[in-house]
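Chain by chain, the residues:
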Amino acid sequence: MPDERAWLARLLSMVIPLDGVRDRNTVAAFLRAAVKNEVFETARQEADRVLGFYGLKIIRHKDGQAPEHFAIANRHLGLKRLHEGTHWAGRSGAIGGWKQAARDLPGAHETVLRFDSANSKCTAIPLSLGEA
């Protein structure tokens, strides 16, 4: 399996939140909840909130069309924690190896989005890659 696919498979199968025992699920499940639960505003907001703790977010269209991509921040403490002990982890002060793995995925591209309270560079990844 190519490195970028191995990275994506690992990321999507990670169980979050890392701390605590309530309402834990995989990253893939939270992404699905954030996309599929538009009519259940509370469930969507909770999924968005949890994903945000880990530098992940759904890229929503302003015109209301269904989302096609999710984003992963280049730098984020939550992502650093998710990648600890892997070769995708970043060294102190460096961008984690997840950035390059994400960029190597087909259809992925660099963009800038708001994470927490600041604009950050990130990679947009097609949601369809997580369905395979």
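Higher on the page you've got the structure.
Report follows, based on the coordinates. (Residues numbered from 1 in each chain as written. Predicted model: local features only at pLDDT ≥ 70, side-chain atom pairs only at ≥ 80, totals over all residues. Heavy atoms only, no water.)

With that out of the way, let us pick up the nonpolar core. General note: in soluble globular proteins, nonpolar side chains tend to be found buried as a group. Judged by nonpolar contacts, the single largest core of 37 residues is most densely connected at W7, V27, L56, F70 and I72. Among the elements that line this core, the one with the most residues is helix α2 (residues 27–36), at seven residues. Discounting chain neighbours no more than four positions away, the residues touching I72 are W7, L11, G55, L56, L79, W98, A102, F115, C122, T123 and I125. (Core = buried A, V, L, I, M, F, W, Y, C linked by side-chain atoms within 4.5 Å. Buried < 20%, exposed > 50% of the residue type's maximum accessible area, 1.4 Å probe, protein only. Helix = DSSP H or I, 4+ residues; strand = E, 2+ residues; numbered from the N terminus. Contact = heavy atoms within 4.5 Å.)

Helix length check: helix α3 (residues 41–53) (13 residues) gives 19 Å between terminal C-alpha atoms against 18 Å at 1.5 Å per residue, within 8%. Among the residues making up α3, those that are buried are R44, A47, V50 and L51. All buried residues of α3 project into a common sector of 130° when viewed along the axis, lining one side. Where α3 is buried, its residues meet β1 (15–16), α2 and β3 (56–59). (Expected span 1.5 Å × (residues − 1). Arc of directions from axis to C-beta.)

Now for the side chain of T123. Turning to its location among the elements, T123 is positioned in strand β6 (residues 118–126). We classify T123 as buried; its relative accessible area is 0%. A distance of 2.6 Å separates the side chain of T123 from the side chain of R103, its partner in a polar contact. (Polar contact = N/O pair within 3.5 Å; in protein donor to acceptor, adjacent residues only side chain to side chain.)

Note that all results are geometric; they support no functional claim without further evidence.
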